[in-house]
Amino acid sequence: VWKNNVPITLCEGAKKAGALLTAGYAAISLPGVNGGYRNPKNEEGGSGKGFGSGFSSKGVKPFLIPDLEFFCTPGREFYICFDRDSKPETVLRVRKAIYKTARLLVEGGCQVKIIDLPYGGEKGVDDFIAARGKDAFYTLYNAAQPLSKWQVNLYTLLTHPPDVALNQRFIG
């Protein structure tokens, strides 16, 4: 994988990585959405967890964990496929973690694409592959959005899911 610059998919948890490996994709399991990087302590003893631009406002910058940094070779493609969550505060936290990890990978010379699992009964990629099959995941994999496009698309999302689907010309 390292020598041939094979694309790698990042996911949360060993079962998800196992499902991806079984389906034929190189995968690295992270122990959670924030598991790919570390936030060093700043001078005042804080954690350096500022999120405005994805990095701390004190100039203390997060860094990739060494095991992940090893795979940051020029031009390598990384796909990030974290779980689908429904709680708004969890969704926001996951998006911030995706952005931080992706930015650090881009700084390492990699290309990053984001795989968004569709809404449905499946929360993780392992459940998605088990329920819908490898071909359905292949379609998602090929439709993965580059980081820049993924960021722009976040601004077009509805903040709340609709309560009623209306399929008629006039409301009445």
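Here, the structure is the one placed above.
The sections below set out a description of the structure shown in this document.

Here is what the cut-offs are and how they apply
- The numbering scheme is per chain: residues are counted from 1 as the chain's sequence reads.
- Residue-level local features of this predicted model are given only where pLDDT is at least 70; pairs of side-chain atoms are given and counted only at 80 or more, and the full residue set underlies all totals for whole chains, interfaces and linings.
- For side-chain calculations, the full set of non-hydrogen atoms in the structure is used, while hydrogens and water are omitted.
- The patch calculation keeps residues exceeding 30% relative accessible area without a salt bridge and links them within 9 Å when they carry like charges or within 5 Å when they are nonpolar (Val, Leu, Ile, Met, Phe, Trp, Tyr).
- For every accessible area listed, the method is Shrake-Rupley and the probe measures 1.4 Å; residues are considered covered only by the protein chains on display.
- One side-chain nitrogen of Lys or Arg within 4 Å of one carboxyl oxygen of Asp or Glu is enough to make a salt bridge.
- In this text, helices come from DSSP runs of H or I with a minimum length of four residues, and strands from runs of E with a minimum of two, each type numbered from the N-terminal end.
- Categorising residues by exposure relies on relative accessible area from a 1.4 Å probe, with only protein chains included: less than 20% of the type maximum marks a residue as buried, more than 50% marks it as exposed, and the intermediate range marks it as partly exposed.
- Two residues form a contact once any of their heavy atoms are found within 4.5 Å.
- Centre distance within 6.5 Å is the pairing criterion for rings of Phe, Tyr and Trp, where only the six-membered ring of Trp is used; planes under 30 degrees apart are then read as stacked, over 60 as edge-to-face, and the remainder as tilted.
- The rule for pairing is simple: two strands pair if DSSP sees at least two bridges between them.
- To get an axis, fit a line to the C-alpha atoms, keeping to the stretch in contact for a helix; angles then go from 0 to 180 degrees between the N-to-C directions.
- Small angles under 35 degrees read as roughly parallel and large ones over 145 as roughly antiparallel, with 65 to 115 read as roughly perpendicular and the rest as oblique.
- Working rule for handedness: look at the near helix, and if it is turned counterclockwise from the far one by less than a right angle, call the crossing left-handed; if clockwise, right-handed.
- In the scheme used here, Gly and all other residues not listed as nonpolar or charged are polar, with Ala, Val, Leu, Ile, Met, Phe, Trp, Tyr, Cys and Pro taken as nonpolar and Asp, Glu, Lys and Arg as charged.

**Side note on a nonpolar patch on the surface**
Then, in step 1: Nonpolar side chains collect at one region of the surface, where V164, L166 and I171 lie side by side and expose about 350 Å² of accessible area between them.
Then, in step 2: Residue placement: V164 occurs in the segment after α6 (147–154).
Then, in step 3: A relative accessible area of 64% places V164 in the exposed class.

**Quick look at the environment of Y119**
Then, in step 1: Secondary-structure assignment places Y119 in the loop between β6 (111–114) and α4 (125–132).
Then, in step 2: Judged by relative accessible area, which is 61%, Y119 ranks as exposed.
Then, in step 3: On a C-alpha basis, the gap between Y119 and R84 in space is 7.3 Å, while along the polypeptide they are 35 residues apart.
Then, in step 4: Non-local contacts of Y119, meaning those with residues more than four positions away in its chain, are made with R84 and R132.

**Points about the packing of aromatic side chains**
Then, in step 1: For the coordinates displayed, the defined rule picks out six aromatic pairs.
Then, in step 2: Ring centres of Y25 and F137 lie 5.1 Å apart, and the angle between their planes is 85°; on these two criteria the pair is classed as edge-to-face. Of this pair, Y25 sits in the loop between α1 (14–22) and β2 (27–30) while F137 is found in helix α5 (residues 134–142), placing the two residues 112 residues apart along the sequence. Take Y25 and F137: they sit in the same class, and that class is buried.
Then, in step 3: Centre to centre, the rings of F70 and F71 are 5.2 Å apart; their planes meet at 90°, and the pair counts as edge-to-face.
Then, in step 4: According to the relative accessible area criterion, F71 is buried, its value standing at 18%.
Then, in step 5: One aromatic cluster is present, formed by Y25, Y79, F137 and Y141 through successive ring pairs.

**As for the pattern of salt bridges**
Then, in step 1: A complete count under the given rule lists seven salt bridges for this structure.
Then, in step 2: Across the pair E107 and K61 runs a salt bridge, and its minimum N-O distance is 2.9 Å. Of the two residues, E107 is situated in helix α3 (residues 88–107) and K61 in the loop between β3 (37–38) and β4 (63–64); the sequence distance between them amounts to 46 residues.
Then, in step 3: By relative accessible area, E107 is classed as partly exposed at 40%.
Then, in step 4: For E77, the salt bridge identified is with K113, shortest N-O distance 3.8 Å. On the criterion of sequence distance, the pair formed by E77 in strand β5 (residues 77–80) and K113 in strand β6 is long-range, its members being 36 residues apart.
Then, in step 5: Judged by its relative accessible area of 21%, E77 is partly exposed.
Then, in step 6: Judged by its relative accessible area of 25%, K113 is partly exposed.
Then, in step 7: The structure contains a network of salt bridges with shared partners spanning K16, D83 and D126.

**With respect to the pairing of β6**
Then, in step 1: The alternating pattern of β6 places V112 and I114 on a buried face, while none of Q111 and K113, on the opposite face, is buried.
Then, in step 2: Two elements, β6 and strand β7 (residues 145–146), share two bridges in a ladder whose sense is antiparallel. Within the sheet, the bridge partner assigned to K113 lies in β7 and is P146.

**Comments concerning unusual backbone geometry**
Then, in step 1: Look at N5: it is not a glycine, yet its phi comes out positive at around 55°.
Then, in step 2: Here N5 lies in the segment before β1 (8–12).

**Topic: the packing of α3 against α6**
Then, in step 1: Two elements in contact, α3 and α6, have axes separated by 11 Å at closest approach and are oriented at 155°. Compared by their axis directions, α3 and α6 come out roughly antiparallel. The crossing of α3 and α6 is left-handed. Here R95, I98, Y99, A102, R103 and V106 of α3 lie close against α6, whose contacting residues are L147, W150, Q151 and L154.
Then, in step 2: Here the contact of α3 with α6 is composed, by residue class, of seven nonpolar, one polar and two charged.

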